[in-house]
Amino acid sequence: MRAASILHVDLDAFFAAVEQRDHPELRGRPVIVGGRPGERGVVSAASYEARRFGVRSAMPLRTAERLCPDGVFVPVDGRRYVAASRAVMAILGRFTPLLEQVSIDEAFLDVAGTEALHGSPEAIAHAIRAAVRAEAGLTVSVGVATSRLVAKIASDLRKPDGLVIVPPGTEAAFLAPLPIGRLWGVGERTRVALADYGVTTIGDLAALPDDLLARRFGSQGPVLGERARGIDPTPVSPGGPAKSVSNEHTFDVDTSDPERIDRTILALAEQVARRLRASGVKATTIAVKVRDARFETHTRQRTLPEPTDVADTIRRVAAELAAPLVKGTRIRLLGVG
């Protein structure tokens, strides 16, 4: 049986935490990163104080202002966030060469074979949390498990500054009581479809036979079943910086409303642009993904004459690429990358 040697390390409310670290007067106050009140745009990050008012990432700034009128709204400062991210990743790299950064604020580590140097995976998790707090002035939440999937879910359960360890052989039992929406690959539409079979928890999904899942969801059905049982063979793969940035939205109800589709593309383009700027990079290719009501997925992409991190440029190109794919079709999911 594989040891629980996979760690998922997630910086807590990262952009907002950097603002609170660098501006002590903001500590304990609801901080909303993304722009000024009343601006057209979306929230990039919200401190835990702001989340208590219902403020969430990707929410329109005007909605966030209505929910949290006393919130402190600040613009995105990509250079500082990139510098803070690099400092944290350097700390993580001291514990294992098998480090995979998956975004500006999270990474997977495989610490198998490092016990002689750093102790058990649990000891390493404690050491990482202490080092990030002392050296970077930030907190991280860590999940420890036998797979990336379970480690990722575990790290999210006791935020902020949490540590959850899932011993080998307990993965299915650990996942079973959790809401089905926590599982990778289960969006709102899939959740509604699974409800037809009485599925509300991950354990309910794990109990369904693979042939039933295959008939309902095609080749992805049995994959969902494996995930529900905690099976994820994907290894931690060290590499360079991410070569793509994307955001997706699954509609609560399939839609063919042009205005709703346009608004969604705009919101996705703004999210992608903010992530590009926060990471200090620009895009050379714009891509869209469209999944229709029949679960058929189509993608289109276009290479730009000049790299960009401008939301309006990304929106315009994405809208042009999506137009022939969404015309007269009920859409389940839209993605911009």
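The following paragraphs examine the structure supplied in this document. (Residues numbered from 1 in each chain as written. Predicted model: local features only at pLDDT ≥ 70, side-chain atom pairs only at ≥ 80, totals over all residues. Heavy atoms only, no water.)

### Description of the overall build of the protein chain
Regarding its fold elements, the protein chain presents 14 helices and 12 strands. With respect to the principal axes defined by its C-alpha atoms, the protein chain has extents near 60 × 55 × 40 Å. Here the protein chain holds 337 residues, and the buried ones make up 47% of them. Here the analysis covers contacts within the protein chain between residues at least 6 apart in sequence; of these, 63% occur between residues at least 24 apart. Just so you have it, the protein chain exposes about 16000 Å², and 52% of that area is on carbon and sulfur atoms. Once the 45 positive and 40 negative side-chain charges of the protein chain are each reduced to a mean point, those two points are 3 Å apart. (Helix = DSSP H or I, 4+ residues; strand = E, 2+ residues; numbered from the N terminus. Buried < 20%, exposed > 50% of the residue type's maximum accessible area, 1.4 Å probe, protein only. Contact = heavy atoms within 4.5 Å. Areas by Shrake-Rupley, 256 points an atom, 1.4 Å probe, with all protein chains shown as cover. Lys, Arg positive; Asp, Glu negative; His and termini not counted. Charge placed at Lys NZ, Arg CZ, Asp CG, Glu CD.)

### Some words on helix 12 (residues 220-228)
Within helix 12, the full set of buried residues consists of Gly221, Leu224, Gly225 and Ala228. Projection of helix 12 onto a plane perpendicular to its axis shows the buried side chains occupying an angular sector of 100 degrees, all on one side. Against helix 8 (171-175), helix 9 (188-195), helix 10 (202-206) and helix 11 (210-217) lie the buried residues of helix 12. Following helix 12 by one or two positions, Gly230 adopts a phi angle in the positive range, close to 85 degrees. (Arc of directions from axis to C-beta.)

### Observations concerning the packing of helix 4 (residues 78-93) against helix 6 (residues 121-136)
In the contact formed by helix 4 and helix 6, the axes pass within 10 Å of each other and the chain directions differ by 145 degrees. Every pair of crossing elements has a handedness; the one defined by helix 4 and helix 6 is right-handed. Residues Val88, Ile91 and Leu92 of helix 4 pack against Ile128, Ala131, Val132, Glu135 and Ala136 of helix 6. Residues belonging to the contact of helix 4 with helix 6 are distributed by class as follows: 7 nonpolar, no polar and 1 charged. (Axes fitted to C-alpha atoms, helices over the stretch in contact; angles between N-to-C directions. Left-handed = near helix turned anticlockwise from the far one by under 90°. Nonpolar A, V, L, I, M, F, W, Y, C, P; charged D, E, K, R; others polar.)

### What to know about the sheet that holds strand 6 (residues 106-110)
The strand order 5-6-1-7-8 describes an open sheet built from 5 strands, whose pairing is mixed. Every other strand in the sheet has two partners, leaving strand 5 (99-103) and strand 8 (163-165) as the edge strands with one partner each. Direction aside, neighbouring strands of the sheet carry axes that sit 15 degrees apart on average. The sheet strands contacting helix 7 (residues 148-155) are strand 1 (6-11), strand 5, strand 6, strand 7 (140-145) and strand 8, and the helix crosses strand 1 at an angle near 35 degrees. (Pairing = 2+ DSSP bridges.)

### Details of the sheet that holds strand 4 (residues 72-74)
The 3 strands lie next to each other as 3-2-4, forming an open sheet whose pairing is mixed. What marks the edges here is a single partner per strand, and that holds for strand 3 (45-46) and strand 4. Bridge count between strand 2 (residues 31-33) and strand 4: 3 bridges; the pairing is parallel. Paired with Val33 across the bridge in strand 4 is Val74.

### Looking at helix 7
Within helix 7, 7 of the 8 residues are buried, which leaves it mostly tucked inside the rest of the structure. Residues of helix 7 that are buried include every one of Arg148, Leu149, Val150, Ala151, Ile153, Ala154 and Ser155, and no others.

### Notes on the pattern of salt bridges
Where charged atoms from two side chains of opposite charge approach closely, those side chains can pair. If you walk through the whole model with that rule in mind, you get 18 salt bridges. One salt bridge connects Asp10 with Lys159, and the closest N-O pair in it is separated by 3.5 Å. Taken as a pair, Asp10 in strand 1 and Lys159 in the loop between helix 7 and strand 8 lie far apart in primary sequence, 149 residues in all. Because the salt bridges share partners, they merge into one network encompassing Glu19, Arg21, Asp22, Asp77 and Arg80. (Salt bridge = Lys/Arg side-chain N within 4 Å of Asp/Glu carboxyl O.)

### What to know about the nonpolar core
Residues Leu7, Phe14, Leu92, Ile128, Val132 and Leu138 are the most contacted members of the largest nonpolar core, which totals 39 residues. Elements with a minimum of two residues in this core: strand 1, helix 1 (14-22), strand 2, strand 4, helix 4, strand 6, helix 6 and strand 7. It is helix 4 that provides the largest number of residues to this core, a total of 7 residues. Ignoring sequence-local partners within four residues, the contact set of Phe14 consists of Tyr81, Ala84, Ser85, Ile104, Asp105 and Leu138. Counting residues in each nonpolar core, the second largest holds 28 residues, with Ala145, Leu175, Leu183 and Leu205 among its members. (Core = buried A, V, L, I, M, F, W, Y, C linked by side-chain atoms within 4.5 Å.)

### As for unusual backbone geometry
Here Lys159 and Pro160 are connected by a cis peptide whose omega angle stands at -5 degrees. Within the secondary structure, Pro160 sits in the loop between helix 7 and strand 8. Residues other than glycine seldom take positive phi values, yet Ala13 does so here, at roughly 45 degrees. Its location among the elements puts Ala13 in the loop between strand 1 and helix 1. The backbone phi angle of Asp161 is positive, close to 60 degrees, even though this residue is not glycine. You can see Asp161 is positioned in the loop between helix 7 and strand 8.

### Remarks on the pairing of strand 6
Remember that side chains alternate between the two faces of the sheet whenever the strand is regular. Most of strand 6 is tucked away, with 5 of its 5 residues classed as buried. The alternating pattern of strand 6 places Glu106, Phe108 and Asp110 and Ala107 and Leu109 on opposite faces, both of which are buried. One ladder, built from 5 bridges, connects strand 1 with strand 6; its direction is antiparallel. By the bridge assignment for strand 6, Val9 is matched with Ala107.

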